[in-house]
Amino acid sequence: MPLNPNTPLPVIVLTGFLGSGKTTLLNRLLSQAPRTAVLINEFGATPVDQVLIGRQDIPLMTLSGGCLCCQVRGALAPVLRNLRLAWENPNSPRFDRIVIEASGVASPEPILDTLLRDRWLASRYHLQAVIATVSVPAAEEQLDRFPEARAQVAWADVLVLTHTDRASKNHMTHLAARLDELAPATPRFVAVRGAVDPETVLAAVAPDNRRLPPGQDLPDHGFRSVSLYLSAPLPWPRLQTVLEDLLTRHRSRLVRVKGVVRLSDRTEPVIVQAAMGRLYPPVALPERASDDRLGRLVFIAVGAVHELAEELMAAVGGIAVPDAIRLH
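**Q** Got a minute to help me understand the pairing of strand β13 (residues 295-302) in this structure?
**A** Along a regular strand, successive side chains alternate from one face of the sheet to the other. Within β13, six of the eight residues are buried, which leaves the element mostly enclosed by the surrounding structure. In terms of strand pairing, strand β8 (residues 223-230) meets β13 through eight bridges, oriented antiparallel. Opposite S225, over in β13, you have I300 as the bridge partner. Relative to β13, strand β9 (residues 254-261) is paired through six bridges, and the arrangement is antiparallel. Bridged to R256 within β13 is I300.

**Q** Would you mind showing me how to read the packing of helix α5 (residues 136-145) against helix α6 (residues 147-155) here?
**A** For any two helices packed against each other, the geometry comes down to the angle between their axes and how far apart the axes lie. Between α5 and α6, whose axes approach to 5 Å, the crossing angle comes to 110°. One finds that α5 runs roughly perpendicular with respect to α6. The residues of α6 that touch α5, namely those facing Q142, L143, D144 and R145, are P147, A149, R150 and V153. Per-class residue counts for the contact of α5 with α6 are four nonpolar, one polar and three charged.

**Q** What am I meant to see in the environment of M313 here?
**A** In this structure, M313 sits in helix α10 (residues 306-316). Given the relative accessible area of 33%, M313 is considered partly exposed. Sequence separation between M313 and I325 is 12 residues, and the spatial gap between their C-alpha atoms is 7.4 Å.

**Q** Looking at this structure, I do not really get helix α9 (residues 236-249). What am I missing?
**A** Along an α-helix, a turn takes 3.6 residues, which lines up residues three or four apart on a common side. Over its 14 residues, α9 extends 20 Å from the first C-alpha to the last, a length consistent with the 20 Å expected when each residue adds 1.5 Å. When we look at burial in α9, the residues that qualify are W236, L239, V242, L243, L246 and L247. End-on view of α9: buried residues confined to an arc of 135°, all on one side of the axis. α9 presents P237, T241 and T248 as exposed residues on the side facing more than 90 degrees away from its buried surface.

**Q** Sorry if this is basic, but what is going on with the side chain of R178 here?
**A** On the secondary structure map, R178 appears in helix α7 (residues 169-182). Leaving out residues up to four positions away in the same chain, R178 has contacts with E140, L143, D144 and R150.

**Q** Whenever I open this one, the sheet that holds strand β7 (residues 188-190) confuses me. Can you help?
**A** Picture the strands of a sheet paired through backbone hydrogen bonds; they go either parallel or antiparallel. The sheet built from seven strands is open, its strands ordered β3-β2-β4-β1-β5-β6-β7 with parallel pairing. Each edge of the sheet is formed by a strand with only one pairing partner; in this case those strands are β3 (60-63) and β7. When the angles between neighbouring strand axes are averaged without regard to direction, this sheet yields 20°. Two strands pair when backbone bridges link them, and strand β1 (residues 9-16) and strand β4 (residues 97-101) are joined in this way by four bridges, in the parallel orientation. Following the sheet pairing, V13 is matched in β4 by I100. On the sheet, α5 packs against β5 (125-135) and β6 (158-162) and is oriented at approximately 100° with respect to β5.

**Q** Help me understand the packing of aromatic side chains in this model?
**A** By convention here, two paired aromatic rings are described through the distance between centres and the angle between planes. Scanning the model with the defined rule gives three aromatic pairs in all. Relative to F146, the ring of F17 has its centre 4.8 Å away and its plane inclined at 20°; by these criteria the two rings are stacked. Highlighted residues: F17 in the loop between β1 and α1 (22-32) and F146 in the loop between α5 and α6, separated in sequence by 129 residues. Assigned by exposure class, F17 and F146 land together as buried. What links up through ring pairs into an aromatic cluster is the set F17, F146 and F223. Between the NZ or CZ atom of R94 and the centre of the ring of W87, over which it lies, the distance is 4.1 Å.

**Q** Which parts of the structure should I look at to understand the side chain of S20?
**A** When you line up the elements, S20 lands in the loop between β1 and α1. For S20, a relative accessible area of 1% translates into the label buried. At 2.7 Å, the side chain of S20 forms a polar contact with the side chain of T133. Leave out the neighbours within four places in its chain, and S20 touches T133, V134, S135, T162 and H163.

**Q** Any chance you could explain the packing of α9 against α10 here in plain terms?
**A** The N-to-C vectors of α9 and α10 enclose an angle of 160°; their axes lie 11 Å apart at closest approach. Here α10 runs roughly antiparallel to α9, going by the angle between their axes. Seen from above, α9 lies across α10 with right-handed handedness. Between α9, through R238, V242, L246 and R249, and α10, the contact on the second element is made entirely by L308, E311, L312, A315 and V316. Among the residues making up the contact of α9 with α10, the classes are represented as six nonpolar, no polar and three charged.

About the criteria used
- Note that residues are indexed from 1 along each chain, following the sequence as it is written.
- Where totals are concerned, whole chains, interfaces and linings use all residues; where local detail is concerned, this predicted model gives features only for residues with pLDDT of at least 70, and gives and counts side-chain atom pairs only at 80 or more.
- The basis for every side-chain value is the complete set of heavy atoms in the structure, and neither hydrogens nor water enter the calculation.
- When accessible area is computed with a 1.4 Å probe and restricted to protein chains, residues below 20% of their type maximum are described as buried, those above 50% as exposed, and intermediate ones as partly exposed.
- A helix here means a DSSP run of H or I that spans at least four residues, while a strand means a run of E at least two residues long, and both kinds are numbered starting from the N terminus.
- Should DSSP find at least two bridges between two strands, the strands are taken to pair.
- Axis definition: a line fitted to C-alpha atoms, over the contacting stretch in the case of helices. Angles run 0 to 180 degrees between N-to-C directions.
- Note that the term roughly parallel is reserved for angles under 35 degrees, roughly antiparallel for angles over 145, roughly perpendicular for angles of 65 to 115, and oblique for everything else.
- Pairs of residues are marked as contacts when any of their non-hydrogen atoms sit within 4.5 Å.
- Residue polarity follows a fixed list, in which Ala, Val, Leu, Ile, Met, Phe, Trp, Tyr, Cys and Pro are nonpolar, Asp, Glu, Lys and Arg are charged, and the others, Gly among them, are polar.
- Helices are assigned an expected span. That span is 1.5 Å times one less than the residue count.
- To be clear, the arc concerns the directions from the helix axis to the C-beta atoms.
- Centres within 6.5 Å are what make two rings of Phe, Tyr or Trp a pair, Trp counting through its six-membered ring; a difference in plane orientation under 30 degrees is then read as stacked, over 60 as edge-to-face, and the rest as tilted.
- A ring is considered to have a charge above it if a Lys NZ or an Arg CZ atom is located within 6 Å of its centre and within 35 degrees of its normal.
- Any pair of nitrogen or oxygen atoms within 3.5 Å is treated as a polar contact; in protein, a donor-acceptor pairing is required on top of that, and neighbouring residues in sequence qualify only through side-chain atoms on both sides.
- With the far helix as reference, a near helix turned anticlockwise by less than a right angle produces a left-handed crossing, and one turned clockwise produces a right-handed crossing.

Below you can see the structure in the form of structure tokens.
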């Protein structure tokens, strides 16, 4: 049954630091709740996450070029207005909720500020919950280094602990103590090898007395990105060597790698991902009619990225397209 046109649409804000499993969780939620519109915010000039969404038959929008806490903050309200107006059109497909997947480097504060302070939006949308994914093996370092990671935990109504299959007992114990400091009353769910009960997560609700964000601009968080475009397939051993070398030499600065590429020994595209120094095995993606067969990799780092861009070009320049390297 579609919602009453006068009923505010529920909004779920999905946050969590880079590589913490937001898209994996989103795909699980969509399997349980397919009548969902999704707005993905990606840091950097090259959007990738929309390709990783299993369902392509839903309203799916991407805001790239910066994160919702700074560079593209002003773009959120117009997109939400247009979504609501489209939903009210009787000729448009109805959906039951909206999920905003925030960039991994974004603080949730400006998103909540837009949803709660804008009168037009506040009368037509209801903030159901803020859900934050927390990668157990990497969380201590992320919480120590990055105020964005601490803000994601502090503003969350639900915490989903991910990558527990790679976590030691010490990881779990130390993280539990840290979360007891940052968010002692926030419910926590454990995702085992990516699996978590979607119904339980979707049932999360925000408190009635939620405090409002201060509404002020946040300081520049210092993250930058490099996008690499590839025109031809690569042997996985070669690409693996390049990426592992970069991750080793730039361990303290290179916090995330993600992309979709073609490998010379496979016919289908694959997802390539790395986070906090760890490179994951490639995962096959289904062929899609919209695929232009270009490889795309996005590197997110702390601070200047010119040296990283030069190293990338030297490593794969022979198979890169013109204007292959783009900085953001």
